[in-house]
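# A structural walkthrough
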Amino acid sequence: MTEAKSGDTVRLHYKGTLDDGSVFDSSEGREPLEFTVGSGQIIPGLDRAIPGMKVGDEKTVNIAAADAYGPVNPDARQAVPRSNIPENVPLEVGLQLQAQTENGQMMTVTVVEVGEAEVILDANHPLAGKDLTFEIQITGIN
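Quick look at the structure, then.

Each value, and the rule that gives it
- Residues numbered from 1 in each chain as written.
- Predicted model: local features only at pLDDT ≥ 70, side-chain atom pairs only at ≥ 80, totals over all residues.
- Heavy atoms only, no water.
- 1 Å grid on protein atoms, 1.4 Å probe; cavity = no way out; pocket = protein on both sides within 12 Å on 5 of 7 lines; lining within 4 Å.
- Points joined across faces, edges and corners; volume = space filled by probe spheres on them.
- Helix = DSSP H or I, 4+ residues; strand = E, 2+ residues; numbered from the N terminus.
- Nonpolar A, V, L, I, M, F, W, Y, C, P; charged D, E, K, R; others polar.
- Buried < 20%, exposed > 50% of the residue type's maximum accessible area, 1.4 Å probe, protein only.
- Pairing = 2+ DSSP bridges.
- Core = buried A, V, L, I, M, F, W, Y, C linked by side-chain atoms within 4.5 Å.
- Contact = heavy atoms within 4.5 Å.

## As for the layout of surface pockets
- Quantified by volume, the largest pocket comes out at close to 370 Å³.
- Surrounding the largest pocket, 17 residues form its lining, Gln 78, Val 80, Ala 99, Val 109 and Leu 121 being those nearest its centre.
- Secondary-structure elements contributing two or more residues to the lining of the largest pocket are β5 (77-81), β6 (96-100), β7 (106-114) and β8 (118-122).
- Looking at the lining of the largest pocket element by element, the count peaks at four residues for β6.
- Taken as a whole, the second largest pocket holds about 170 Å³ of empty space.
- In terms of lining, the second largest pocket is formed by Tyr 14, Phe 24, Asp 25, Leu 33, Gln 41, Ile 42, Ile 43, Leu 46, Tyr 69 and Phe 134.
- Looking at the lining of the second largest pocket residue by residue, the class counts come to eight nonpolar, one polar and one charged.

## Re the pairing of strand β9 (residues 132-141)
- In terms of residue burial, β9 counts as a mostly covered element, since seven of its ten residues are buried.
- The sheet contact formed by strand β1 (residues 9-17) and β9 spans eight bridges and is antiparallel. Bridge pairing in β9 places His 13 opposite Gln 137.

## Things to note about the nonpolar core
- Counting 22 residues, the largest nonpolar core has Val 10, Ile 50, Phe 134 and Ile 136 as its most contacted members.
- Every element with two or more residues in this core is listed here: β1, α1 (44-49), β4 (58-63) and β9.
- Considering each element in turn, this core owes the most residues, five residues, to β9.
- Look past the residues within four positions of Ile 50 in its chain and what remains in contact with it is Ala 4, Val 10, Leu 12, Phe 35, Val 37, Ile 136 and Ile 138.
- Judged by nonpolar contacts, the second largest core, of eight residues, contains Leu 91, Val 111, Val 119 and Leu 121.

Here's what the structure looks like:
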């Protein structure tokens, strides 16, 4: 039976959990995740766990934050004048907004603090700084 290796297109079902056991993502009820091994399409720690697995293999992978979405970057927090945010946006902590960078790229930011004059936005990935656990099952290799 074929073992997955770098460059192969792999399909897998997965369930991702945090240290407290809460599920942050799952392919349950959806098509399997499909990606090319070693291409950087998924987080590094999970990508490195796939080579050597065969169709039907199951594995639980513990991934440190550094090999997932990285550490929390304090520089990714920015104070923005409240007047820069449209009045029709209901500002509340936890709200995710789309923002445009200086070079025109769109990025997701999270409101972490709302003040009278300014709003603090955080561009860190919501899973930055967190260790992750994935239960995976390989469903196909091409």
